[in-house]
Amino acid sequence: MADRGHLKAALAVFWSFFGVRKRRDYDADAQNLSPAQIVVAGLAGGLVFVLMLLLVVYLIVQFVK
């Protein structure tokens, strides 16, 4: 069951980054997820986002050479 909580936290953070979240889903997440789960998922999501940006920039620079 813990894996489902991590997945729900990751999905909540993903939709928050994307900017699309239904109020009903936000309320359900607020009741079911702990703040620690959201913080960890947010940090992990932010790290993945930054690494993806760095990868895109690296590939563009390699392509332009």
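Up top is the structure.
Here's a quick rundown of the structure. Small disclaimer: the values here were computed from a predicted structure and weren't measured.

## Section: the overall build of the protein
Piece 1. A count of helical and extended segments in the protein gives three helices and zero strands.
Piece 2. Its helices and strands in sequence order give the protein the pattern α-α-α, from N to C terminus.
Piece 3. In terms of C-alpha radius of gyration, the protein reaches 15 Å, well past the compact-globule figure of 11 Å for 65 residues.
Piece 4. In terms of principal-axis extent, the alpha carbons of the protein reach across some 50 × 25 × 15 Å.
Piece 5. Every one of the 65 residues in the protein was classed for burial, and the buried ones make up 12%.

## Quick look at the nonpolar core
Piece 1. If you look at the biggest cluster of nonpolar residues, it comprises five residues: A9, A12, V13, L33 and A41.
Piece 2. It is helix α1 (residues 2-18) that contributes the most residues to this core, three residues altogether.
Piece 3. Beyond its immediate sequence surroundings of up to four residues, A12 is in contact with R21, D29, L33 and I38.

## What about the pattern of salt bridges?
Piece 1. If you walk through the whole model with that rule in mind, you get one salt bridge.
Piece 2. Salt-bridge contacts for R23 lead to D27; the nearest nitrogen and oxygen are separated by 3.8 Å. Of this pair, R23 and D27 both sit in helix α2 (residues 23-32), four residues apart, which is roughly one turn of the helix.
Piece 3. Judged by relative accessible area, which is 60%, R23 ranks as exposed.

Definitions and cut-offs
Residues numbered from 1 in each chain as written. Predicted model: local features only at pLDDT ≥ 70, side-chain atom pairs only at ≥ 80, totals over all residues. Heavy atoms only, no water. Helix = DSSP H or I, 4+ residues; strand = E, 2+ residues; numbered from the N terminus. Rg over C-alpha atoms; globule rule 2.2 N^0.38 Å. Buried < 20%, exposed > 50% of the residue type's maximum accessible area, 1.4 Å probe, protein only. Core = buried A, V, L, I, M, F, W, Y, C linked by side-chain atoms within 4.5 Å. Contact = heavy atoms within 4.5 Å. Salt bridge = Lys/Arg side-chain N within 4 Å of Asp/Glu carboxyl O.

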